[in-house]
Amino acid sequence: MADNTRRYAVLAASASAVVVVALFAAERAPAQSRPVAGADDEVVVKGAVDHYDGEDHALKPETPAQAEVKKKYSPYAGRKYPTRVYFGDTHHHTNNSGDAFMGGNTLTPEQAYRFARGEEVISSTGVPAKLSRPLDFLVVSDHAEGLGLMTQVAAGNPSFASDPTLTRWGNALKAGGKAQQDAMNELVSAQANNKLPPPIKDPKVVGPIMKSVWQQYTATADKFNEPGRFTAMIGYEWTSVPGGNNLHRNVLFRDGKDRADQILPFSAWQSEDPEKLWAWMDAYEKKTGGKLLAIPHNANLSNGRMFEPVDFAGRALTKDYAERRARFEVLQEMVQTKGASETHPLLSPNDEFAAFGTAGWEYGNLTLEGKPLSKDMMPTNYLRSGLAQGMAHEQKLGVNPFKFGIIGGTDVHNSLTAIEEDNFYGKHVNQEPSPNRWEHVSKQGFGKTRYTYHYMAAGYAAVWATDNTREALWDAMKRKEVYATSGTRMTVRFFGGYDYTADDAKTRYLAERGYAKGVPMGGDLTAAAAGKAPTFLVAALKDPIGGNLDRIQIVKAWVDSAGKTQEKIYNVAWSGGRKPNKDGKLAAVGDTVDVANATWTNTIGASELAAVWKDPDFKPTQRAVYYARVIEIPTPTWLAYDQLRFGVKMPKEVPMKHQERAWTSPIWYSPS
């Protein structure tokens, strides 16, 4: 379906590496391959000096047309749009997070940055760790609640000695093992049910400690921030979890230490209401002149609260609420170690890929307390239906409160963004490499058990930015020109417009055509003349060390004439000679996974895919939203690598293979 010689230069800057290698090879050619001059030989290189060679080299007059061509000759000069995608993590915890430290994490933000930029470090369990390829950026997003305080509890700070629970936790931290793990789970539950020990929430006691920790962190971020090479973006996590229902947000600063130090992070201890967080963000921007955005995550663990049709207090949504949410929450985290939040088979029965990342996470909320997840909660529990619900609210309020782009993160709590399947260090320290980590019990409730094997080696934030700087990355996130991956580093472009043609998917200058004729992922389409149906230009290039590509799909959600939300998945590009059936379904790509040896071959699939697709079911009066989903061929999971390396045998319910994927930010169509 694709020409393997096209588009590399415009899909990814990595293509330039091929040129660099070629030039390097030419410069280092073996000496015997070159003519060798003797000591007395005269070596004449034409053009090395300014000898007259008998030809007329005088510049001849240019025509106006020739002069205009010369000015515009380079297709790269003056280019304003982003030409490179940057991969990183917007959701990362170090030992400054209470649950991470209580779980055994001894690594600091400095060690997290060193690891992310490609250095080898020793994990908290004493295992050497290194990435196959450095990240481009990292956001250390430690919990604002009790920032750095558990290290003080463990150290026996006298301010906490009078409280029996904190004393018991401190002893558990010294004991380690199961006692330490139980104390961490108790901390998470106490946070969820507002039962934390009083001293830990007393501003007079903890304020000075937390201020010192925050300022040390921002100093470390500035130290490791190298514009153009590696970005250390400042951030933190606001950890609202009422009754165990996940409403967490990661707050990202466009700014450096000078502005970030003018405040202390707003925490869920001050309020679990997202509107209070937005008010604080607004006050920060007015006070400092800085900029913030918030990224909610794990909608899949919210028990339907992430996209509920009421505010935190249970009142119907208003236009003011919608405007503030749309202003600050421009992105949603699609995937991380705690599952994928795209959809569920009960919501999307016609989507054969809907079950990805749901096993174990569909039992209920974050803490498996309160109520199990029910079918009636699902429409407000997943991102795809959230996007559709947002358009329904827009019809009533005039503003879409759920108009978010899509991004990935890891939520690792061991300071190591190590999420490649063959290099997965787990989310928590007790999930770092060991023979039996797969069967560790994470949570129990409702008669169900979450095991470590339910955790995913996921995911990445992929950002189309003009440069690798705090400002450029943040600006790209703000305009939603980002996508999520489950851990692969595939390159994906997605554009929407009205005038794309099949030739636009064949040109080497695909991105140039994309921006010239339409809008990129995260953009908006307004109504076209005479109800013209929109066209979409989409392209994907495989991860250089990952699996080949199976297919590209476009997922559409819309609001029908009765005001009900609908969805449909379209296959738009695929590998091999397969043909869709009458229902548009495409046969499976095949499977080359060798589970016993934890490997696969790229003898199926494609290295790149591209297509122009026109919506065949378009109705100009209906609001619609579209995003692209790119699926790889089957490859082994981290569990297959563990089974091989540790020589263990896992039961059949443990997934040995899967299909990695990417999800782009949407493009919206509005009839007015």
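Residues numbered from 1 in each chain as written. Predicted model: local features only at pLDDT ≥ 70, side-chain atom pairs only at ≥ 80, totals over all residues. Heavy atoms only, no water.

## Observations regarding the packing of helix H5 (residues 109-116) against helix H9 (residues 203-224)
Thought 1: It is the contact of H5 with H9, at a shortest axis distance of 10 Å, that shows an interaxial angle of 25 degrees. On the basis of their axis angle, the class for H5 and H9 is roughly parallel. Helix-helix and strand crossings are classified by hand; for H5 and H9 the assignment is right-handed. Note on element contacts: H9 touches H5 through Tyr217, Thr220, Ala221, Lys223 and Phe224, opposite Pro109, Glu110, Tyr113 and Arg114.
Thought 2: Here the contact of H5 with H9 is composed, by residue class, of five nonpolar, one polar and three charged. (Axes fitted to C-alpha atoms, helices over the stretch in contact; angles between N-to-C directions. Helix = DSSP H or I, 4+ residues; strand = E, 2+ residues; numbered from the N terminus. Parallel < 35°, antiparallel > 145°, perpendicular 65-115°, else oblique. Left-handed = near helix turned anticlockwise from the far one by under 90°. Contact = heavy atoms within 4.5 Å. Nonpolar A, V, L, I, M, F, W, Y, C, P; charged D, E, K, R; others polar.)

## Examining the nonpolar core
Thought 1: If you look at the biggest cluster of nonpolar residues, it comprises 140 residues, and the most contacted ones within it are Tyr236 and Phe253.
Thought 2: A per-element tally of this core places H9 first, with eight residues.
Thought 3: Counting residues in hydrophobic clusters, the runner-up holds 19 residues, among them Leu252, Val330, Ala472 and Trp474. (Core = buried A, V, L, I, M, F, W, Y, C linked by side-chain atoms within 4.5 Å. Buried < 20%, exposed > 50% of the residue type's maximum accessible area, 1.4 Å probe, protein only.)

## A few points about the sheet that holds strand S16 (residues 491-497)
Thought 1: One open sheet accounts for four strands, arranged S17-S16-S19-S22; its pairing is antiparallel. Single-partner strands in this sheet number two, and they are strand S17 (518-520) and strand S22 (608-614). Pairs of neighbouring strands in the sheet enclose a mean axial angle of 15 degrees, with direction left out of account.
Thought 2: Where S16 meets strand S19 (residues 535-541), seven bridges bridge the pair, whose relative direction is antiparallel. (Pairing = 2+ DSSP bridges.)

## Structural notes on the packing of aromatic side chains
Thought 1: One pass over the structure, following the stated rule, counts 27 aromatic pairs.
Thought 2: Aromatic side chains tryptophan 214 and tyrosine 236 sit 6.2 Å apart centroid to centroid with 90 degrees between the ring planes, which places their arrangement in the edge-to-face category. Note that tryptophan 214 is positioned in helix H9 and tyrosine 236 in strand S5 (residues 231-238), a separation of 22 residues in sequence. In this pair, the class of tryptophan 214 matches that of tyrosine 236, namely buried.
Thought 3: Taking the centre distance of 4.4 Å and the plane angle of 40 degrees together, the rings of phenylalanine 536 and tyrosine 626 count as tilted. One end of the pair, phenylalanine 536, is in strand S19; the other, tyrosine 626, is in strand S23 (residues 624-632), and 90 residues separate them in sequence. Of the two residues, phenylalanine 536 and tyrosine 626, neither departs from the other in class, the shared state being buried. (Phe/Tyr/Trp six-rings, centres within 6.5 Å; stacked < 30°, edge-to-face > 60°.)

## Re the confidence of the model for the protein chain
Thought 1: A residue-level look at the protein chain finds 91% of positions with pLDDT of 70 or above and a mean pLDDT of 91.
Thought 2: Across residues 1-50, where pLDDT falls below 50, the model places 53 contacts with residues more than four positions away in sequence or in other chains. (pLDDT = per-residue confidence, 0-100.)

## Describing unusual backbone geometry
Thought 1: Omega for the peptide link from alanine 458 to glycine 459 comes to -15 degrees, which places this bond in the cis form.
Thought 2: The residue glycine 459 is located in the loop between strand S13 (448-451) and strand S14 (460-465) in this model.
Thought 3: Even without glycine at this site, asparagine 194 takes up a positive phi of about 55 degrees.
Thought 4: Note that asparagine 194 resides in the loop between helix H8 (177-192) and H9.
Thought 5: Assessed through its relative accessible area of 60%, asparagine 194 is described here as exposed.
Thought 6: Positive phi is not limited to glycine here, since asparagine 298 has a value of about 50 degrees.
Thought 7: Locating asparagine 298 in the fold gives a position in the loop between strand S7 (292-296) and helix H12 (319-328).

## Regarding helix H16 (residues 638-646)
Thought 1: Among the residues of H16, Trp638, Leu639, Ala640, Tyr641, Asp642 and Gln643 are the ones counted as buried.
Thought 2: Following H16 by one or two positions, glycine 647 adopts a phi angle in the positive range, close to 65 degrees.

## Observations regarding the environment of valine 85
Thought 1: Here valine 85 is to be found in strand S1 (residues 84-92).
Thought 2: Distance from valine 85 to valine 492, taken between C-alpha atoms, is 8.6 Å for residues 407 residues apart in sequence.
Thought 3: Ignoring anything within four residues of it in the chain, the contact list for valine 85 reads Asp136, Ala462, Val463, Trp464, Tyr483 and Thr491.

## Digging into the packing of helix H7 (residues 164-175) against H8
Thought 1: The contact between H7 and H8 brings their axes to 7 Å, and the two run at 140 degrees. The angle between H7 and H8 falls in the class oblique. Like other packed secondary-structure pairs, H7 and H8 cross with a definite hand, here left-handed. On the side of H7, the interface is formed by Thr165, Arg168, Trp169, Ala172, Leu173 and Ala175, while H8 contributes Gly177, Ala179, Gln180, Ala183, Glu186 and Leu187.
Thought 2: A per-class count over the contact of H7 with H8 returns seven nonpolar, three polar and two charged.

## A closer look at the pairing of S14
Thought 1: Here S14 lies mainly inside the structure; six of its six residues are buried.
Thought 2: Of the strand pairs in this sheet, S1 and S14 are connected by five bridges, and their pairing is antiparallel. For phenylalanine 87, the partnering residue across the bridge sits in S14 and is alanine 462.
Thought 3: As paired elements, S14 and strand S15 (residues 482-485) share four bridges and run antiparallel to each other. Among the inter-strand pairings, tyrosine 460 is bridged to a residue of S15, identified as threonine 485.

## Details of the pattern of salt bridges
Thought 1: On inspection of all chains with the given rule, the structure shows 50 salt bridges.
Thought 2: Between arginine 133 and glutamate 420 there is a salt bridge, with the nearest N and O atoms lying 3.6 Å from each other. Here arginine 133, found in the loop between strand S3 (128-129) and strand S4 (137-140), pairs with glutamate 420, found in the loop between strand S11 (405-407) and strand S12 (441-445); they are 287 residues apart in sequence, far enough to count as distant.
Thought 3: Residue class for glutamate 420 comes out buried when judged on its relative accessible area of 9%.
Thought 4: In this structure, lysine 657 and aspartate 591 form a salt bridge, with 2.6 Å as the shortest nitrogen-oxygen distance. Highlighted residues: lysine 657 in strand S25 (residues 657-658) and aspartate 591 in the loop between strand S21 (565-574) and S22, separated in sequence by 66 residues.
Thought 5: Look at aspartate 591 and you get partly exposed, because its relative accessible area is 40%.
Thought 6: Through salt bridges with shared partners, a single network forms among Glu110, Arg114, Arg117, Glu119, Lys223, Glu226 and Arg229. (Salt bridge = Lys/Arg side-chain N within 4 Å of Asp/Glu carboxyl O.)

## Overview of the side chain of asparagine 95
Thought 1: Looking at where asparagine 95 falls in the secondary structure, it is placed in the loop between S1 and helix H4 (98-102).
Thought 2: Contacts of asparagine 95, omitting those with residues within four sequence positions, involve Phe101, Asn105, Thr106, Leu107, Thr108, Pro109, Thr151 and Ser415.

## Some remarks on the side chain of aspartate 142
Thought 1: Relative to the elements of secondary structure, aspartate 142 occurs in the loop between S4 and helix H6 (149-154).
Thought 2: For the buried aspartate 142, which has no salt bridge, the nearest side chain bearing the opposite charge is lysine 427, at an N-O separation of 12 Å.
Thought 3: For aspartate 142, the side chain forms a polar contact with the side chain of serine 97, separated by 2.6 Å.
Thought 4: Sequence-distant contacts of aspartate 142, defined by excluding residues within four places in its chain, comprise His92, His93, Thr94, Asn96, Ser97, Leu147, Tyr236 and Glu237. (Lys, Arg positive; Asp, Glu negative; His and termini not counted. Polar contact = N/O pair within 3.5 Å; in protein donor to acceptor, adjacent residues only side chain to side chain.)

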